[in-house]
Amino acid sequence: MRLAVLCACVLMLLPRAAAAQPEVRFPPPSFRAGEFRIDFRARFHLDFRGLDAEEPVAPEGFVFRRARVAIEGRIYDDLEYELDRDLRDDKRPWRDVFLNYRKFRAAEVQGGKFKVPFSLDQLTSVFSNSFVSRSLIGTQLAPGRDRGVMVHGRLAGDRVRYRGGWFKHDGDNTLFTEELEQNEFVEEPPVNNTIAGRVDLTPWEQTKGLRRRLQIGINATSGELDDGLFGMRGRTVGGYTFFAPMYVGGRRMRFGMDGLWTPGPFSVVAEYNRVTDQRNRQGLGDVDLPDVIAEGWYLAGTWALTGERKSGGIDRPRHPIFQGGAGGVEIAARFEEMRFSSAGTGGEDPFTNPRAANILPNRDRAITLGVNWYLNEFARVLFNAVRETIQDPVRSPLADRTRFWTGVVRLQFGM
Amino acid sequence: MKGLSAAAFGVRAVLIIAALLITRPAAAQSMEEFFDDTAVQEIRLTLNSKDWESLKQNYKENIYYPTALAWKGVTVRNVGIRSRGLGSRSPRKPGLRVDMDYYTASQTFLGMKSFVLDNLTQDRSMLREWLSMAFFRRLGLPAPREAFARLFVNDTFVGVYALVEAIDKAYLGRSLGQDNHGGTENDGYLFEYGYIKNYRFEYLGSNLNEYKIFKAKTREKEADAQIWGPLEAAVKAINETPDNNFNRDVSDYFDLSKVARHLAIENFLAEDDGVLGYAGMNNFYLYRFEDSKKMQFLAWDKDNTFHSVDFDIMKRISENVLAKRTLGLSQYKNEYLNTLLDAAASAMEPDPEADKNDKNGKPVSLPGWMEREILRQYNLIRSLARSDEFKPYNNDEFEESIQGLLTFARERAAYVKDHVAEERRR
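Note that this is a predicted model, so its numbers are computed, not measured.

## Thoughts on the overall build of chain A
Looking only at helices and strands, chain A has four helices and 19 strands in total. As displayed, chain A has an accessible area near 18900 Å², and 58% of this comes from carbon and sulfur atoms.

## Quick notes on the overall build of chain B
Counting secondary structure elements, chain B contains 12 helices and 11 strands. Here the C-alpha radius of gyration of chain B, 24 Å, is about what a compact globule of 426 residues would show, namely 22 Å. Dimensions of chain B along its principal axes, counting C-alpha atoms only, are 85 × 70 × 55 Å. Put simply, chain B has 426 residues, and 52% of those count as buried. Contacts in chain B between residues far apart in sequence, at least 24 positions, make up 66% of those at least 6 positions apart.

## Side note on the interface of chain B and chain A
In this complex, chain B contributes 19 residues to the contact, which on the side of chain A involves 17 residues. Contact between chain B and chain A buries roughly 1400 Å² in total, counting both sides, with carbon and sulfur atoms accounting for 44%. Inspection of the chain B/chain A interface yields three salt bridges. Here Asp227 of chain A and Lys50 of chain B are joined by a salt bridge, their closest N and O atoms 2.4 Å apart. Applying the counting rule to chain B against chain A returns 11 residue pairs in polar contact (both at pLDDT 80 or more). Sorting the residues of the side of chain B that touches chain A by element identifies α3 (49-57), β2 (65-71) and β3 (74-83) of chain B as the ones contributing at least two each. Of the residues belonging to the side of chain B that touches chain A, the class tally is seven nonpolar, eight polar and four charged.

## Description of the confidence of the model for chain B
Residues and elements named next belong to chain B. When pLDDT is averaged across chain B, the result is 91; 93% of the residues are at 70 or more. In this model, residues 15-28 is a region of pLDDT below 50 whose contacts with residues beyond four sequence positions or in other chains number one contact. Interface confidence for the predicted complex, expressed as ipTM, amounts to 0.78; the pTM equals 0.82.

## Quick look at α3 of chain B
Residue and element names in this part refer to chain B. Asp51, Trp52, Ser54 and Leu55 are the residues of α3 that are buried. Along the axis of α3, the buried residues cluster in a sector spanning 165°; they form a single face. On the buried face of α3, the contacting elements are β2, β3, β4 (96-99), β6 (146-153) and β7 (156-165). Where α3 begins, the capping side chain belongs to Asn48, and its oxygen is found 3.0 Å from the backbone nitrogen of Lys50.

## A closer look at unusual backbone geometry
All names here are of chain B. Even without a glycine there, the phi angle at Lys72 is positive, about 50°. Looking at the element boundaries, Lys72 is found in the loop between β2 and β3. Residue Lys72 is classed as partly exposed on the basis of its relative accessible area, which comes to 42%. Phi is positive for Arg219, close to 55°, though the residue is something other than glycine.

## Considering the packing of aromatic side chains
All names here are of chain B. Tallied over the entire structure, the rule returns 34 aromatic pairs over all chains. Ring geometry for Tyr287 versus Phe289: centroids 5.1 Å apart, planes at 70°, classification edge-to-face. In terms of burial, Tyr287 and Phe289 fall into one category: buried. The structure contains a cluster of three or more aromatic residues connected by ring pairs, namely Tyr193, Tyr199, Phe201, Phe214, Phe254, Phe284 and Phe297. Cation over ring: Arg44 sits above Phe152, and NZ or CZ is 4.1 Å from the ring centre. Over the aromatic face of Tyr189 sits the side chain of Arg288, whose NZ or CZ is 4.2 Å from the ring centroid.

## Structural notes on helix α5 (residues 169-176) of chain B
Residues and elements named next belong to chain B. Listed as buried for α5 are Tyr171, Leu172, Gly173 and Leu176. Residues of α5 that are buried sit in contact with β7, β8 (189-193), β10 (284-288) and β11 (295-299). One side-chain oxygen at the N-terminal end of α5 lies 3.2 Å from the backbone nitrogen of Ala170; it belongs to Asp168. Trailing α5 by a residue or two, Gly177 shows a phi angle of about 75°, which is positive.

## Overview of a positive patch on the surface
Among the surface-exposed residues, Arg212, Arg213, Arg309 and Arg318 of chain A lie close enough to one another that they form a single positively charged patch. The class of Arg213 of chain A is partly exposed, set by a relative accessible area of 31%.

## Observations concerning the environment of Ala323 of chain B
Residue and element names in this part refer to chain B. Examined against the element boundaries, Ala323 turns out to sit in helix α9 (residues 321-327). Distance from Ala323 to Phe201, taken between C-alpha atoms, is 9.2 Å for residues 122 residues apart in sequence. Those residues in contact with Ala323, other than ones at most four positions away along the chain, are Leu263, Leu276, Ile317 and Gly328.

So, how was this worked out
- Each chain has its residues counted from 1, following the order in which its sequence is written.
- Just so you know, chain letters begin at A and ligand numbers begin at 1, following the order they were written in.
- For a predicted model such as this one, the threshold for reporting local features is a pLDDT of at least 70, and the threshold for listing and counting side-chain atom pairs is 80 or more; totals across whole chains, interfaces and linings nevertheless cover every residue.
- Side-chain numbers here rest on the full set of heavy atoms in the structure, without hydrogens or water.
- The secondary structure listing takes helices from DSSP runs of H or I that are at least 4 residues long and strands from runs of E that are at least 2 residues long, numbered from the N terminus.
- With residues, only the protein chains shown are counted as cover, and all accessible areas are computed by Shrake-Rupley using a 1.4 Å probe.
- Radius of gyration: C-alpha atoms only; globule rule: 2.2 Å multiplied by the number of residues to the exponent 0.38.
- The classification of residues rests on relative accessible area computed with a 1.4 Å probe and restricted to protein chains. Under 20% of the type maximum is buried, over 50% is exposed, and intermediate values are partly exposed.
- Should any heavy atoms of two residues lie within 4.5 Å, those residues are considered in contact.
- Using a 1.4 Å probe, buried area is obtained as the accessible area two parts lose upon being combined, added over both of them.
- For salt bridges, the criterion is a side-chain nitrogen of Lys or Arg within 4 Å of an Asp or Glu carboxyl oxygen.
- Nitrogen and oxygen atoms within 3.5 Å of one another constitute a polar contact, given that in protein one can donate a hydrogen and the other can accept it, and given that sequence-neighbouring residues count only through two side-chain atoms.
- Only Asp, Glu, Lys and Arg are considered charged, only Ala, Val, Leu, Ile, Met, Phe, Trp, Tyr, Cys and Pro nonpolar, and every remaining residue, Gly among them, polar.
- Per-residue confidence from the prediction method is given by pLDDT, with values spanning 0 to 100.
- Picture the helix axis, draw a direction to every C-beta atom, and the arc is the one those directions span.
- Put simply, two rings from Phe, Tyr or Trp (the six-membered ring, in Trp's case) pair if the centres are within 6.5 Å, and we call them stacked under 30 degrees between planes, edge-to-face over 60, tilted for the rest.
- Whether a charge lies above a ring is judged from NZ of Lys or CZ of Arg, which has to be within 6 Å of the ring centre and within 35 degrees of the ring normal.
- Exposure above 30% relative accessible area and the lack of any salt bridge qualify a residue for a patch; like charges then connect within 9 Å, and the nonpolar side chains Val, Leu, Ile, Met, Phe, Trp and Tyr within 5 Å.
- Residues counted as positive are Lys and Arg, residues counted as negative are Asp and Glu, and His and the chain ends are not counted.
- Think of each charge as sitting on NZ of Lys, CZ of Arg, CG of Asp or CD of Glu.

Structural data, given as structure tokens:
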């Protein structure tokens, strides 16, 4: 029944104009006045979560997940801007709010609020992602957006792209927006003065052949970490905390690398991220503890069954629905893992308490299988089934088992 | 032994004996030794200094902090501690609950899952609670074991505390003997009475939520009807059963002899904040036995005892429905008065090994059990108590309070005996 309602929503949201003029593409509304340009954008996500999902693995039912409206454009030729707001988010509604001075292609300067340059998955727009949810590491280990200043540019004939900057905190992904078990609530972000950098290499960009679509990235961050119960937290796809935060203090450092290859209708992407939180004077008796290690990886692949290219193609299907076609269809799979542990044992047995020297490890391993139906350039429906396995039965969301399924159907509309 | 020289044999014997002597202390480390009240124990807690400051700052909250506990060379890590108490909560000298199983469900220490470090802030003598519990046990009713301890946090002395055995399944198993099937009696329903209002067993209606002032401490995940249903039925029976059926019907829920005995011991101790407390019921647990509707009071938190020598022996009995109707039956009133006399005799019992005459052969007045115990513990903790800078009273007040206890121990029995006789003449 709920699925039927969702399908009805899909049909209602289909742009009728597209049916009337099949050959015409629809650029987003735009306004120009001399050297000033404004483009209007709107994007929506409606999720239905169900299948085998059980509380507290994931809440079941419809969720109006995102309702983003944005304006972007240029002032003269050298100054870009963007203002992006989520109408569904009362606490932190503003997403990207920045200015970018692009006079010099080798060294552009961007300031405002935008994504800290770390993690390919996090830097890929969720509206372009091949899965309903980003990877566990892309969602939880990567910083996300923050206020800062960044220099970025392209070198060596676009074969090298770099981004490096200073950020006030550590991004909004690691903020605790809910009350913790011990009534500790973060009013101020616990990480300050984060330095972040990323380099993307496309060494065969100018060549022909399959290698042309290969991209390799490495990135790192380093920030000052306040003392407190601010360690990284591990959550399942449905949001259940399978690894509670530890007391930390010192520096938070990240390192990651990734690779993306998009030959024709296929794509293969892999990423590894590692976050190290120092625990200076955080032990019993104020001794230093071994660092907390949060790390993980994913390997994902997609195949456009209807033949469109993955890079710059599948999001505009060759045969849109109501224009004589059935849209584009893509299948996707992702295998991933995120785990938490300590860098040493401290000569102790492993425990779960938030000042344990030797942290009892825990891990979430997930397989996501998906089918993506690109109706036209504005709308797509994603079907995802996620099977997760939690290592430690005591910290599994389900009392009697460590494996569980979550199913999500997403309707996405954007222009 | 053939071929072994006498010297070599001797060396081996010495080594074996030495090994036995070395291992003896470890073997002796038991719950009994932990609560051995003939010595002051030493407890060392190691936690992060910020956590200790946070605990003191948030002393009204039940926030847990990870801790390592050390006692007599045994260290248990991964222990949780939190501030505890009602009126006794203190930011300067926090009372502590120590839970071995907070972070690791199966962890125990000497077989215990938890114990309490009572901060003794409400008892200027520091002895009231310990003496009351010892007296309950002496008269045959279960009560937690207690001993005194020097508490060190991060190697700094933070005061003299009382180690108090927690009322949990281990305590129930030790105190209540066997169940109907020959197993340990500890799998019933345990309730801690959580004082929130002036309540004295009046019927609160059929809504079970009203009875959650009795906080479930075991089998918490069962349905409300399973946990509180029999309790509601018991309170209804206490209030609504006609007089002529009271003994028969309410005996399904309480051993009324034990109720009378519990009330009598509390009264002898001049407990002003117990089942017949000044502001309603307070400071007890209730245990419903396995496969049974029957319940029993369990003594808890007795630091408001020894109120006065002339504490009325029938004080507030008429205000509590269960006490009033139980002691309204002559059989149980008689048991109540007899228990008061037992208590008086027990408190005044002289040391059987002491000389009853002086060196001239003349009979001497020997101190009773209660007086001897007060003096024994006073001598044990006096210098320690005086050095405790965290207690919220001065040393003169401590000494004065000890004198008050001694007066009580010497005079309470006579008062009680006189008034029991008077009550019987009525």
